[in-house]
Structures are given as C-alpha cells and as structure tokens.
Amino acid sequence: MNFILKVLITGVIAYLLQGILSGVHFKDMKTAALFALVLALLNAIVKPILVILTIPVTMITLGLFLLVINALMVMLAESFFNGAQVDGFWWALAFSILLSIGSSILYSLLGGGSKN
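The rules behind these values
Residues numbered from 1 in each chain as written. Predicted model: local features only at pLDDT ≥ 70, side-chain atom pairs only at ≥ 80, totals over all residues. Heavy atoms only, no water. UniProt positions renumbered as here; feature names shortened; annotations may be inferred. Helix = DSSP H or I, 4+ residues; strand = E, 2+ residues; numbered from the N terminus. Phe/Tyr/Trp six-rings, centres within 6.5 Å; stacked < 30°, edge-to-face > 60°. Buried < 20%, exposed > 50% of the residue type's maximum accessible area, 1.4 Å probe, protein only. Axes fitted to C-alpha atoms, helices over the stretch in contact; angles between N-to-C directions. Parallel < 35°, antiparallel > 145°, perpendicular 65-115°, else oblique. Left-handed = near helix turned anticlockwise from the far one by under 90°. Contact = heavy atoms within 4.5 Å. Nonpolar A, V, L, I, M, F, W, Y, C, P; charged D, E, K, R; others polar. Patch = residues over 30% accessible without salt bridge, like charges linked within 9 Å, V, L, I, M, F, W, Y side chains within 5 Å. Areas by Shrake-Rupley, 256 points an atom, 1.4 Å probe, with all protein chains shown as cover. Salt bridge = Lys/Arg side-chain N within 4 Å of Asp/Glu carboxyl O.

Enquirer: Give me the lowdown on the UniProt feature "transmembrane region" (unreviewed entry) in the protein chain, citing residues and values where you can.
Expert: Cross-referencing UniProt, the feature "transmembrane region" (unreviewed entry) maps to residues 7-26, 32-53, 60-77 and 89-110 in the present numbering. The annotated region residues 7-26 carries 55% helix and 15% strand content, and the separation between its end C-alpha atoms amounts to 16 Å. Along residues 89-110 the backbone is 95% helical and 0% strand, and the end-to-end C-alpha distance reaches 31 Å.

Enquirer: So, the packing of aromatic side chains: which residues are in play, and what are the values?
Expert: Applying the stated criterion across every chain, the model contains 4 aromatic pairs. For the ring pair Phe-26 and Phe-95, a centre distance of 6.2 Å and an interplane angle of 50° mean the geometry is tilted. Linking Phe-26 in strand 1 (residues 24-26) with Phe-95 in helix 5 (residues 89-109), this pair joins segments that are 69 residues apart in sequence. Neither residue differs from the other here; Phe-26 and Phe-95 are each classed as buried. When the ring of Phe-35 is compared with that of Phe-95, the centres are 5.9 Å apart and the planes differ by 65°; the resulting orientation is edge-to-face. Highlighted residues: Phe-35 in helix 2 (residues 29-53) and Phe-95 in helix 5, separated in sequence by 60 residues.

Enquirer: Go over the packing of helix 2 against helix 4 (residues 65-78) with me, naming the residues and quoting the values.
Expert: Axis separation between helix 2 and helix 4 bottoms out at 9 Å; the angle between their running directions is 135°. Taken as axis vectors, helix 2 and helix 4 run oblique relative to one another. Relative to helix 4, the crossing made by helix 2 is right-handed. Touching Phe-35, Val-38, Leu-39, Leu-42, Asn-43, Val-46, Lys-47, Leu-50 and Val-51 of helix 2 are Leu-66, Ile-69, Asn-70, Met-73, Val-74, Leu-76, Ala-77 and Glu-78, all from helix 4. Split into classes, the residues belonging to the contact of helix 2 with helix 4 amount to 13 nonpolar, 2 polar and 2 charged.

Enquirer: I'd like to hear about a nonpolar patch on the surface, residue by residue, with values.
Expert: Residues Met-1, Phe-3, Ile-4, Leu-8, Leu-34, Leu-37, Leu-41 and Ile-45 make up a contiguous nonpolar surface patch of roughly 820 Å² in combined accessible area. Looking at the nonpolar patch, the elements with two or more residues in it are helix 1 (2-17) and helix 2. In terms of residues, the nonpolar patch owes the most to one element, helix 2, which gives 4 residues. Among the structural elements, Ile-45 can be located in helix 2.

Written out as structure tokens, the structure is:
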C-alpha cells in the first residue's frame, strides 16, 4: 500500500511541477502517474546498477554524481511515453531535485513515514 501511495504522490507532484518548470510537459494526470510508476521501477532496477558502476566518480565528486544519475533516470523514464517530455538534461536535473523534495514533503505530511 505504501508503494502505491508513493507512486501516486510522485505522479501528482510531477504533474504539478510542469507548472513551475517550463521544460517539463505531461499530456495529462494519467501520463504523469504512469511516468511515476516507470520511474519507480527504474529506480528499483537500473539505478542500483548505475550507482555501483559509478562508485569511483561518485566518490571523486563527493556524491554529487548521484544527481546526474537521478536526471538520467528521469530522461530514461520520459523516453517511454509520448505524452511526457523533458526538454533536456538541465530540466531533468531540476525536475528530479524538485520531485524528490516535493514527494518527501507531501509523503511525510500525509503520514506515510509513520509506523502506526
């Protein structure tokens, strides 16, 4: 149930971020929710492999390279949809940062972090 809640929150935040970031576009809310689902699956399957393969670069950059990996995950998820568009790497980077912050805040406000 927590996974579904996180995906829905991420989809809502992603859809709302298109109003803030002019380089991010979603056709509708359904596309944003599917984008969030694909992004979650990529983060579970592909991202750990990339993190392991880039440990030296990540250490040299003191962890900042993980932001690049997050942006690449957004660009990869975007490539699965016709209704989702991110206009470039820098938009994907900004989107991934704001998506992480917004999702964390909203999820904690809805009580998703509590163990009740």
